[in-house]
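Listed below are the residues making up each chain.
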Amino acid sequence: MFDVCVLGSLNMDLVINVDKIPAVGETILANGFMKFPGGKGANQAVAAARLGSRVIMLGCVGKDDNGDILLNNLNRDDIDTSFIKRIDSAPTGIALITVDGAGNNTISVYPGANMKVDLDYIDNAKGFIESSKIVVAQFETPIEATKRAFRIAKKFGKKTILNPAPAKKIDEELIKLSDIIVPNETETEIITGILPESEDSIKEAGKILIEKGAEHVIITLGSKGAAIMDRINFDIVPAYKVNAVDTTAAGDSFIGAISYYLSKEQRIDFETLKSAVKFSNKVSAIAVTRKGAQSSLPYLKEVIEVFGEE
């Protein structure tokens, strides 16, 4: 039995540190370069595992050195990688990340083997989905595979969490299959056509997602925190103020923390979700003070040391 099943990407992150993000056509000298295990799916799996969840990861990597590194890294956090597929026809995914002096970033992703997650693979993973409490997915693997996984999850009464990132338009079926959808501000605007910059616009955007079929909506608002909505309730949970160094895995740490927290609950209502978001804000606050993706993700004992008990 698993607490969390993460379907998603595994990438090697190549991170360049600069004073400022270069403009189009501009060449600047970087002041640092590092290589980190990443990918939204893998990041979220590691985030949940370090907090105490039993996690299984579904996805694909190439038969290359980067694939070896990524699998070994997941295994160090006791994540079940037994069903991650090694691909001959494509290399392991790569993310090129530029981080400025304020911790802001731009990211370009070559998906590689991540795009080899097909419907047959998902069908063969049915038993893992059935034996998990929470099923999580993002948009760095094929959408049709995510829909198939969520259909299986719903058939067996599992809770589904969709992180619609990177931002793109999505069909209503996937939203209906999502118990909880967690977009950031940019993703919210692309999906709903509304930029969530005021309380009224946040409510309007959230209402659209709920009308399209999502049971709960969490819109992450960066340094302002996160807004939570269902058909009746609305609230904004403020973020914790920290000096951000690198925001690369901020969203992934939040999703992993939400998954961990909710996997322990018998039912998900508004108050439970609000408590989960408060906890997840703590996890994200720690993550952005550290460099890298998975290297920035805290263990539960670290969250408790900084903020006290959950």
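Here the structure is shown first, and the text comes after it.
Everything numeric in this text was worked out from a predicted model, so none of it was measured. (Residues numbered from 1 in each chain as written. Predicted model: local features only at pLDDT ≥ 70, side-chain atom pairs only at ≥ 80, totals over all residues. Heavy atoms only, no water.)

Undergrad: Where do I start with the side chain of Thr146 in this structure?
TA: One can find Thr146 in helix H5 (residues 143-155). According to the relative accessible area criterion, Thr146 is buried, its value standing at 0%. (Helix = DSSP H or I, 4+ residues; strand = E, 2+ residues; numbered from the N terminus. Buried < 20%, exposed > 50% of the residue type's maximum accessible area, 1.4 Å probe, protein only.)

Undergrad: What should I look at first to understand helix H10 (residues 270-287) in this one?
TA: Three or four residues apart is the spacing at which side chains of an α-helix point the same way, because the helix has 3.6 residues per turn. An ideal rise of 1.5 Å per residue puts 26 Å on 18 residues; H10 measures up with 25 Å between its terminal C-alpha atoms. Here H10 lies mainly inside the structure; 15 of its 18 residues are buried. (Expected span 1.5 Å × (residues − 1).)

Undergrad: Even after reading the chapter, I still don't get the side chain of Thr141, so can you show me in this structure?
TA: Structurally, Thr141 is set in the loop between strand S9 (132-137) and H5. Look past the residues within four positions of Thr141 in its chain and what remains in contact with it is Leu7, Gly8, Ser9, Asn114, Met115, Val117 and Thr146. (Contact = heavy atoms within 4.5 Å.)

Undergrad: Honestly, the sheet that holds strand S7 (residues 93-99) in this entry has me stumped. Any pointers?
TA: For sheets, the rule is that strands pair by backbone hydrogen bonds, running either parallel or antiparallel. In space, the four strands of this open sheet follow the order S3-S2-S7-S8, with mixed pairing throughout. Looking along the sheet, the strands with just one partner apiece sit at the ends: strand S3 (32-38) and strand S8 (105-110). In this sheet, adjacent strand axes meet at a mean angle of 20° when their direction is disregarded. Bridge count between strand S2 (residues 11-17) and S7: seven bridges; the pairing is parallel. Of the residues in S7, the one forming a bridge with Asp13 is Ala95. In the packing of helix H2 (residues 65-76) onto the sheet, the strands contacted are S2, S3 and S7, and the crossing angle to S3 comes to about 65°. (Pairing = 2+ DSSP bridges. Axes fitted to C-alpha atoms, helices over the stretch in contact; angles between N-to-C directions.)

Undergrad: Please clarify how the packing of aromatic side chains should be interpreted in this entry.
TA: Working definition: an aromatic ring pair is given by the centre-to-centre distance plus the angle between the planes. Using the criterion set out here, one finds six aromatic pairs in the structure. Measuring from ring centre to ring centre gives 6.4 Å for Phe2 and Phe128, while their planes differ by 55°; the resulting arrangement is tilted. Here Phe2, found in strand S1 (residues 2-7), pairs with Phe128, found in helix H4 (residues 126-130); they are 126 residues apart in sequence, far enough to count as distant. The exposure class of Phe2 is buried, given its relative accessible area of 14%. Plain terms: the ring middles of Tyr261 and Phe279 are 5.8 Å apart, the flat faces sit at 40° to each other, and that makes the pair tilted. One end of the pair, Tyr261, is in helix H9 (residues 250-263); the other, Phe279, is in helix H10, and 18 residues separate them in sequence. Accessibility expressed as a relative area gives 12% for Tyr261, which makes it buried. With relative accessibility at 1%, the residue Phe279 sits in the buried group. Ring pairing ties together the aromatic residues Phe2, Phe83, Tyr121 and Phe128, which thus form one cluster. (Phe/Tyr/Trp six-rings, centres within 6.5 Å; stacked < 30°, edge-to-face > 60°.)

Undergrad: What exactly am I supposed to notice about the environment of Tyr121 here?
TA: Secondary-structure assignment places Tyr121 in helix H3 (residues 119-124). Assessed through its relative accessible area of 5%, Tyr121 is described here as buried. With 93 residues separating them in the primary sequence, Tyr121 and Ala214 have C-alpha atoms 26 Å apart. Once residues within four sequence positions are removed from consideration, Tyr121 is found in contact with Leu58, Gly59, Phe83, Ile84 and Lys85.

Interpretation note: all reported values are geometric properties and have no functional meaning in isolation.
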